Amino acid sequence: MPEVSQPEAPRHALSMTVLMTPQYANFSGNVHGGHILKMLDEVAYACASKYARQYVVTLSVDRVVFREPIHVGELVTFDAGINYVGRTSMEVGIRVTTENVATQSIRHTNTCYFTMVALDADRRPIAVPPFEPVSEVEKRRWNDALRRRRITQDVEQALDQSTTP
Ligand SMILES: CCCCCCCCCCCCCCCC(=O)SCCNC(=O)CCNC(=O)[C@H](O)C(C)(C)COP(=O)(O)OP(=O)(O)OC[C@H]1O[C@@H](n2cnc3c(N)ncnc32)[C@H](O)[C@@H]1OP(=O)(O)O
């Protein structure tokens, strides 16, 4: 099959829209949170592996808050982008919005942050291309990610100390 050239899209971002069909409903008739978590992980994988051009694994997921329920029949859009790049790790930010196609109302239901690590063929961490934030938005996201990284390190240290016998 001939290769098709894609329209120019940034390597560090992607967007995915999915229709919430009834099979994803929980007992209350809204979309099951676990299904959203699975899709978030897949989007984070897609975004980070596209950037790194490597297989990646999920190291951690920042606080996920389900601010509002997502309803069956809505279109859910996951906008993902690389916020921060270390040596082998990347922070992927994902903003989730839902659209009621009948009323065209759009709601922001989640934002969360995944840390993904690129692995080589022997499943060892491998360096990823450096990322230079250029726009004001990219710089703000980079600095926010750095702040989250430091907070996470502080919390881990504090927890380690508090659990040491
Ligand atoms: C093109 C591709 C084709 C592929 C075609 C196949 C397609 C297939 C499709 C499959 C689509 C779904 C794929 C989902 C993938 C999973 O399902 S992942 C499953 C869940 N995740 C896992 O199992 C990961 C388990 N964890 C691990 O294996 C190890 O912890 C890791 C991630 C390899 C890291 O190991 P490590 O010994 O800590 O490595 P180390 O070098 O010390 O640290 C690596 C990085 O992690 C950071 N780090 C480590 N620990 C921490 C911590 N506690 N806090 C913060 N940062 C930390 C380090 O700072 C470092 O970052 P950099 O400073 O280099 O930027």
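The structure under discussion appears in the preceding block.
The structure presented is a predicted model; accordingly, all values stated were derived computationally and were not measured.

Caption draft 1: Looking closely at the site of the ligand. If you check the shell around the ligand, you find 16 residues, and the closest are T58, R87, T88, S89 and E156. A distance of 2.9 Å separates a nitrogen atom of the ligand from a polar backbone atom of T58. Between an oxygen atom of the ligand and a side-chain N or O atom of R149, the distance comes to 3.4 Å. Coverage of the ligand by the protein amounts to 48% of the 1,400 Å² it exposes when considered alone.

Caption draft 2: Inspection of the sheet that holds strand 5 (residues 106-119) at higher detail. Sheet architecture is open: 5 strands sit in the order 1-3-4-5-2, paired in antiparallel fashion. In the strand order of this sheet, the two ends are held by strand 1 (13-19) and strand 2 (55-61), each with one partner. For this sheet the average axis-to-axis angle between neighbouring strands, irrespective of direction, equals 30 degrees. Examined bridge by bridge, strand 2 and strand 5 share 6 bridges and lie antiparallel to one another. By the bridge assignment, V57 is partnered in strand 5 with V117. Lying on the sheet, helix 2 (residues 136-163) is in contact with strand 3 (75-85), strand 4 (89-99) and strand 5; it crosses strand 3 at an angle near 80 degrees.

Conventions we followed
Residues numbered from 1 in each chain as written. Predicted model: local features only at pLDDT ≥ 70, side-chain atom pairs only at ≥ 80, totals over all residues. Heavy atoms only, no water. Near = heavy atom within 4 Å. Polar contact = N/O pair within 3.5 Å; in protein donor to acceptor, adjacent residues only side chain to side chain. Areas by Shrake-Rupley, 256 points an atom, 1.4 Å probe, with all protein chains shown as cover. Pairing = 2+ DSSP bridges. Helix = DSSP H or I, 4+ residues; strand = E, 2+ residues; numbered from the N terminus. Axes fitted to C-alpha atoms, helices over the stretch in contact; angles between N-to-C directions. Contact = heavy atoms within 4.5 Å.

Any functional reading would require information that these geometric values do not contain.
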